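# Coordinates in review
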Amino acid sequence: MPFRFVHTADIHLDSPLRSLSLRNSDLAGLVGDATRQALIAIVDLCLDEQVDALIIAGDLYDGDQTSMKTARFLATQLGRLHEAGIAVYKIRGNHDALSRITQELVLPPTVKVFGGRPEAMVQRWGGLDIAIHGLSFAKPQAPETLLPKYKLPEPGAVNIGIMHTSLGGAPGHDQYAPTNVADLLAAGFDYWALGHIHKRAAHDDKRPVIMPGMPQGRDINEAGEKTVTLVTVHDDRSILVEERLTSIAQFERVAVDLSGIADWREAMDAIEGQLATARATTRSPHLVARLSLTGRTPLAWQLRRDRDLVLTEAEQRAEGIGATWIEKLEISAQAPSEQGNGSAADPVLELGALMLADIGANSAARLEVRQLVEDLRNDLPAEIRGFAGKDEAELEAFVERLLSEGSQDIVARLRHDGAGNH
């Protein structure tokens, strides 16, 4: 009989909402509950596939969790696996090390949480000896590689290593127990169950090294469908790796090109069409869209001035499509008259050009906006402070975009208000 298991990581159970734009309470409820629903989906998969084990390669929790509601929910899901005779093997990642639930939750006997010393659990499944190796850290910092600390492969067994690691590093992720695929392969293990990087990556077919990614995205920066890995170790020790969908809410960027469209209803129809196309290609139960309006259209000024109406109309169209939500509306559409020198005859557009020219690197307006952004960033929880960028250059670009879009919005209002007075 083969040995089968599900490999996941970075569930970040009950992670707080990361987006400032989830103003819709129903959408906030959906996204806020999505990590729980993803864990339920993982447990359902384990039961449906009748696997032997679930491997969680770190960051089951999301930091300093204090809610016992989270603990009770987790206990219920682990209890479902326990009743089915499915073992759970888990290591602590950098977020788990901060969680009080880690110390307080009483786990079923079928759950093995690896500690700060390297261990190898050897058990016979069918005709195979399976050795599962794991190592946790009690602290969120792990600047050095963990690989030399792991026990050597068990002779004659199928060796599976569980590690929470940044590998060679990835954007948006702290360095954590860094290593590389070549060194992992050289260690002689048959399968490496990794965690920490939120985007899926698979290396090597015969001795897989798998970073499963997170099973549920939490904001637009974690866009796309999310999965876990279903692994079958056959009696001849060959390994089959499959992806299985788990995300409940799938974040996606949806761009709508309004070039040449001069009629409001036609523009709204174009928005609906793009949302419907995105919904049709989304496998997750819910699509959460960041809607971006682009192109050159005579409606550009009206779209900016009546942003609230655009958003309301888009939300209604999304509701009609079904299981489709608007997370945020971005408008970068421009008026055709902005091409060439046509703007010179328009005093309102000239004013806009002067406003843009007056927001140089040292202008008072720019410095004030930058200070407002920094004050807001400093007041936010650490996990969502990256909205304005991760370094000085990205912060400057963010401020530049705010000033540019703000100037265009002001010009749009002036232009339409002036037109209304003729």
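This structure is a prediction, so every number in the text was calculated from the model and none was measured.

### Structural notes on the overall build of the protein
From N to C terminus, the protein includes 10 helices and 15 strands. In the protein, which comprises 422 residues, the proportion classed as buried is 47%. Residue pairs at least 24 apart in sequence account for 71% of intrachain contacts in the protein once pairs closer than 6 positions are excluded. For the protein, the accessible surface area stands at approximately 19700 Å², while carbon and sulfur atoms represent 51% of it.

### Describing the pattern of salt bridges
Summed over all chains, the structure comprises 18 salt bridges. Linking glutamate 49 and arginine 4 is a salt bridge whose minimum nitrogen-to-oxygen distance equals 3.1 Å. Residue glutamate 49 is located in helix 1 (residues 25-49), and its partner arginine 4 is located in strand 1 (residues 3-8); the two are separated by 45 residues in the primary sequence. You can call arginine 4 buried: its relative accessible area is 17%.

### What to know about the packing of helix 5 (residues 264-280) against helix 7 (residues 307-321)
Between helix 5 and helix 7, whose axes approach to 10 Å, the crossing angle comes to 45°. Looking at the two axes, helix 5 sits oblique to helix 7. The hand of the helix 5/helix 7 crossing is right-handed. Along its contact with helix 5, which presents Trp264, Arg265, Met268, Asp269, Ile271, Glu272, Leu275, Ala276 and Arg279, the element helix 7 presents Leu309, Val310, Glu313, Ala314, Arg317, Ala318 and Ile321.

### As for the confidence of the model for the protein
Looking at the protein, pLDDT values average 86 and 81% of them are 70 or higher. Throughout residues 339-344 the model reports pLDDT below 50, and contacts reaching past four residues in sequence, or to other chains, amount to 6 contacts.

### Let's talk about helix 2 (residues 68-83)
Given 3.6 residues per helical turn, the α-helix brings residues three or four places apart onto the same face. An ideal rise of 1.5 Å per residue puts 22 Å on 16 residues; helix 2 measures up with 22 Å between its terminal C-alpha atoms. Taken together, the buried positions of helix 2 are Thr70, Ala71, Phe73, Leu74, Gln77, Leu78, Gly79 and Leu81. One or two positions beyond helix 2, positive phi appears at glycine 85, with a value near 75°.

### Describing empty space enclosed by the protein
A probe matching the size of a water molecule, rolled over the atoms, marks out where space remains unfilled. In this structure the tally under the stated criterion is 1 cavity of 30 Å³ or more. Within this model, the largest cavity holds a volume of roughly 40 Å³.

### A word on the side chain of threonine 232
For threonine 232, the location among the structural elements is in strand 11 (residues 227-233). At 3.3 Å, the side chain of threonine 232 and the side chain of arginine 4 are in polar contact. In contact with threonine 232, not counting residues within four places along its chain, are Pro2, Phe3, Arg4, Ser238, Ile239 and Leu240.

### A closer look at the nonpolar core
Leu258, Ile271, Leu275, Leu291, Leu293, Leu303 and Val310 are the most contacted members of the largest nonpolar core, which has 25 residues in total. Of all elements in the fold, only strand 13 (249-257), helix 5, strand 14 (286-294), helix 6 (300-305), helix 7 and strand 15 (324-331) reach the threshold of two or more residues within this core. At 5 residues, helix 5 tops the list of elements feeding residues into this core.

### Quick notes on unusual backbone geometry
For aspartate 10, which is not a glycine, the phi torsion comes out positive at approximately 55°. With respect to the helices and strands, aspartate 10 occurs in the loop between strand 1 and helix 1. For aspartate 10, a relative accessible area of 1% puts it in the buried group. The residue glutamine 50 is not glycine, and still its phi comes out positive at about 50°. Tracing the backbone shows glutamine 50 in the loop between helix 1 and strand 2 (53-57). On the basis of relative accessibility, which here comes to 66%, the residue glutamine 50 falls in the exposed class.

### Some details on the pairing of strand 6 (residues 128-134)
Consecutive side chains of a regular strand alternate in pointing toward one face of the sheet and then the other. Extensive coverage of strand 6 is indicated by the burial of 6 of its 7 residues. As judged from the 7 bridges shared by strand 5 (residues 119-125) and strand 6, these two strands associate in the antiparallel manner. Along strand 6, the bridge assignment pairs tryptophan 125 with leucine 128. Connecting strand 5 to the antiparallel partner strand 6 that follows it, the hairpin turn spans 2 residues, and glycine 126 within it adopts a positive phi of roughly 60°. The pairing of strand 6 with strand 7 (residues 158-164) spans 5 bridges and is classified as parallel. Its bridge partner lying in strand 7, glycine 134 is registered against isoleucine 162.

Conventions we followed
- Residues numbered from 1 in each chain as written.
- Predicted model: local features only at pLDDT ≥ 70, side-chain atom pairs only at ≥ 80, totals over all residues.
- Heavy atoms only, no water.
- Helix = DSSP H or I, 4+ residues; strand = E, 2+ residues; numbered from the N terminus.
- Buried < 20%, exposed > 50% of the residue type's maximum accessible area, 1.4 Å probe, protein only.
- Contact = heavy atoms within 4.5 Å.
- Areas by Shrake-Rupley, 256 points an atom, 1.4 Å probe, with all protein chains shown as cover.
- Salt bridge = Lys/Arg side-chain N within 4 Å of Asp/Glu carboxyl O.
- Axes fitted to C-alpha atoms, helices over the stretch in contact; angles between N-to-C directions.
- Parallel < 35°, antiparallel > 145°, perpendicular 65-115°, else oblique.
- Left-handed = near helix turned anticlockwise from the far one by under 90°.
- pLDDT = per-residue confidence, 0-100.
- Expected span 1.5 Å × (residues − 1).
- 1 Å grid on protein atoms, 1.4 Å probe; cavity = no way out; pocket = protein on both sides within 12 Å on 5 of 7 lines; lining within 4 Å.
- Points joined across faces, edges and corners; volume = space filled by probe spheres on them.
- Polar contact = N/O pair within 3.5 Å; in protein donor to acceptor, adjacent residues only side chain to side chain.
- Core = buried A, V, L, I, M, F, W, Y, C linked by side-chain atoms within 4.5 Å.
- Pairing = 2+ DSSP bridges.

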